[in-house]
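The residues making up each chain are set out below.
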Amino acid sequence: MLPSNGFLLSSDLHQCFDHGFFGLSDDNRVIIRSDVPKDSELYRYDGLIIKPSSEYELFSPYYKYNQAHRLAHNI
């Protein structure tokens, strides 16, 4: 597994990510799929930047993987 092809999520958020309810933009901001109900708790994370601490910047989520995930789930 490549460290840049993953980030740690709770089990419920992991399921939401796997089902494509949210993804990451090319600059690693959380974006919510447009058909997710506006009262969803996922919107608490909308716009949040996912980035490791400075000593692990090399392991930031890779934008090509983010693009593939968004494309696969129409995000």
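No experiment lies behind these values; they were computed from the predicted model shown.

Q: Got a sec to walk through the overall build of the protein? Specific residues and values, please.
A: Secondary structure assignment for the protein yields 2 helices and 2 strands. Taking 75 residues into account, the globule formula puts the C-alpha radius of gyration at 11 Å, and the protein, at 12 Å, falls close to it. Side-chain charges in the protein split into 7 positive and 10 negative, and the spacing between the mean points of these groups amounts to 5 Å.

Q: Just give me the short version of the pattern of salt bridges, but keep the residues and values in it.
A: Within this structure, the stated rule accounts for 5 salt bridges. Arg33 is the salt-bridge partner of Asp35, the closest N and O atoms lying 2.6 Å from each other. Here Arg33 falls in the buried class, since its relative accessible area comes to 14%. Across the pair Glu41 and Arg44 runs a salt bridge, and its minimum N-O distance is 3.4 Å.

Q: Summarise a nonpolar patch on the surface; cite the residues concerned and give the values.
A: On the surface, Leu2, Tyr62, Tyr63 and Tyr65 cluster together into a nonpolar patch covering about 360 Å² of accessible area. Of note, Tyr63 is situated in helix α2 (residues 63-73). On the accessibility criterion, Tyr63 (35% relative accessible area) is partly exposed.

Cut-offs applied
Residues numbered from 1 in each chain as written. Predicted model: local features only at pLDDT ≥ 70, side-chain atom pairs only at ≥ 80, totals over all residues. Heavy atoms only, no water. Helix = DSSP H or I, 4+ residues; strand = E, 2+ residues; numbered from the N terminus. Rg over C-alpha atoms; globule rule 2.2 N^0.38 Å. Lys, Arg positive; Asp, Glu negative; His and termini not counted. Charge placed at Lys NZ, Arg CZ, Asp CG, Glu CD. Salt bridge = Lys/Arg side-chain N within 4 Å of Asp/Glu carboxyl O. Buried < 20%, exposed > 50% of the residue type's maximum accessible area, 1.4 Å probe, protein only. Patch = residues over 30% accessible without salt bridge, like charges linked within 9 Å, V, L, I, M, F, W, Y side chains within 5 Å. Areas by Shrake-Rupley, 256 points an atom, 1.4 Å probe, with all protein chains shown as cover.

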